[in-house]
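# Analysis of the macromolecular model
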Amino acid sequence: MSEEVSILVVDDDACFRSTVGRFARLMEKARPLRVTEAASGGEAAAMLTKGEKPDCVLLDNRMAGGNGVGWLPKLLCLNSRLAIIMVTGEGDEETAVQAMKRGAVDYLPKETLSPATLWRAVTNAIEKSHMRAALDKQRQALLKADRDKVLMSSLVTACHQVGQPATAILAYLELMKKARSVPEMSSLVDSCLTAAQALDATLKRLQRTTEYRTVPALSFEDETDLKLIAV
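Residues numbered from 1 in each chain as written. Predicted model: local features only at pLDDT ≥ 70, side-chain atom pairs only at ≥ 80, totals over all residues. Heavy atoms only, no water.

## A word on the packing of helix H2 (residues 41-49) against helix H3 (residues 68-78)
For the record, the criterion: To obtain an axis, a line is fitted to C-alpha atoms, over the contacting stretch when the element is a helix, and the angle between two such axes runs from 0 to 180 degrees between their N-to-C directions. For helices the rule is a DSSP run of H or I covering at least 4 residues; for strands it is a run of E covering at least 2, with both sets numbered from the N terminus onward. Our angle categories are set so that under 35 degrees counts as roughly parallel, over 145 as roughly antiparallel, 65 to 115 as roughly perpendicular, and the remainder as oblique. Should any heavy atoms of two residues lie within 4.5 Å, those residues are counted as being in contact. Put simply, Ala, Val, Leu, Ile, Met, Phe, Trp, Tyr, Cys and Pro go in the nonpolar bin, Asp, Glu, Lys and Arg in the charged bin, and everything else, Gly too, in the polar bin.
With their axes 10 Å apart at the nearest point, H2 and H3 run at an angle of 5° to one another. By the angle class used here, H2 and H3 are roughly parallel. On the side of H2, the interface is formed by Gly41, Gly42, Ala44, Ala45, Leu48 and Thr49, while H3 contributes Trp71, Leu75 and Leu78. Class assignment for the residues of the contact of H2 with H3 results in six nonpolar, three polar and no charged.

Shown next as structure tokens:
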């Protein structure tokens, strides 16, 4: 966490927003706090769009203009690393479950709100958010490593598949150059054409690979069976 903790309270109840602000001032001995307020999900979204970057969001569910569960994924679309705590009423466990499924890191029943429970919920939510970010970074690193591995595998296979027909073409052309009147010339030309077609097919297949795949674009099982004549 940064030295100052920023909390965005999203609730259409001005009294609740004021209470959170008052509790936050009581908690400032532990760490400097900054509380901003939004009376609706739309107002919160506008603040995020303009660059507001709270460390934690307290999101009430029952608000005019759309409930919190509905606004939750919209806010996360604006900032995927938001640590959102869904604020629920008494006996509203189902809402809490839905909120967690949609990306909330925790929920806080209003009737349990106190400086201590607020501080604990906020710090835990921010820590969970940071852990999520770290895990996401690790997943991205692993994905890149897998992508590099797949790319190298495809390149090695491509070199093998391109090299075989290219070598054959050079050999056939060399024979054709030395023995233009040999009766087997027609067969050599056919074999040379087959090798060239295999080379062309491999290159075109690589050109069509325009997006990441979890398997190589080429594999040794895909080799074209070149029925080369003995030279």
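## Remarks on the sheet that holds strand E1 (residues 5-10)
Strand pairing in a sheet relies on backbone hydrogen bonds, with the paired strands running either antiparallel or parallel. Spelled out, the test is: Strand pairing follows a simple DSSP-based rule, namely that at least 2 bridges must link the two strands.
Taken together, five strands build an open sheet; the order of strands is E2-E1-E3-E4-E5 and the sheet is parallel. The open sheet terminates on both sides in strands that have one partner only, identified here as strand E2 (33-38) and strand E5 (106-109). Between one strand axis and the next, the sheet turns by 25° as a mean value, whatever way the strands run. Pairing of E1 with E2 involves six bridges; the strand directions are parallel. What sits directly across from Val5, in E2, is Leu33. Taken strand by strand, H2 contacts E1 and E2, and its axis lies near 125° from that of E2. Along the sheet, helix H4 (residues 93-101) contacts strand E4 (84-88) and E5; its crossing angle with E4, the most-contacted strand, is approximately 165°.

## Some points on the environment of Val35
For clarity, the threshold we go by: The rule is simple: take the accessible area with a 1.4 Å probe, protein chains only, and divide by the maximum for that residue type; under 20% is buried, over 50% is exposed, in between is partly exposed.
By the secondary structure assignment, Val35 is in strand E2. The class of Val35 is partly exposed, set by a relative accessible area of 26%. When the C-alpha positions of Val35 and Gly21 are compared, they lie 6.2 Å apart, and in sequence the two are 14 residues distant. Among residues more than four places away in sequence, those in contact with Val35 are Ile7, Val9, Gly21 and Ala24.

## A look at the nonpolar core
Here is the rule: Take the buried Ala, Val, Leu, Ile, Met, Phe, Trp, Tyr and Cys residues and link them wherever side-chain atoms come within 4.5 Å; each set so joined is a nonpolar core.
In terms of nonpolar packing, the biggest core is built from 22 residues, with Ile7, Val20, Leu58, Ile85, Leu113, Leu118 and Val122 touching the most fellow members. Secondary structure elements with two or more residues in this core: E1, helix H1 (14-26), strand E3 (56-60), E4 and helix H5 (115-178). Counting residues per element, this core draws most heavily on H5, at five residues. Excluding residues that lie within four positions of it along the chain, Leu118 makes contacts with Val20, Phe23, Met27, Leu58, Leu108 and Leu113.

## Quick look at H4
Defined as follows: Arc definition: directions from the helix axis to the C-beta atoms.
Listed in full, the buried residues belonging to H4 are Thr95, Ala96 and Ala99. Mapping the buried residues of H4 onto a view down its axis gives an arc of 100°, with all of them on the same face. Across H4 from its buried face, at more than 90 degrees, point the exposed residues Glu94 and Lys101. Residues of H4 that are buried in the fold lie against H3, E4 and E5. Immediately downstream of H4, the backbone of Gly103 shows phi near 125°, a positive value.

## Remarks on the pattern of salt bridges
Oppositely charged side chains are able to pair whenever their charged atoms sit close together. For the record, the criterion: Salt bridges are defined by distance alone: a side-chain nitrogen of Lys or Arg within 4 Å of a carboxyl oxygen of Asp or Glu.
One pass over the full model with this rule turns up four salt bridges. The partner of Asp11 in a salt bridge is Lys110, and the shortest N-O contact between them spans 3.1 Å. Here Asp11, found in the loop between E1 and H1, pairs with Lys110, found in the loop between E5 and H5; they are 99 residues apart in sequence, far enough to count as distant. Its relative accessible area of 0% is what places Asp11 among the buried residues. Residue Glu52 is joined to Arg34 by a salt bridge in which the shortest nitrogen-to-oxygen separation is 3.2 Å. Of this pair, Glu52 sits in the loop between H2 and E3 while Arg34 sits in strand E2, and the two are 18 residues apart along the sequence. In this structure, a network of salt bridges that share partners links the residues Asp11, Asp60 and Lys110.

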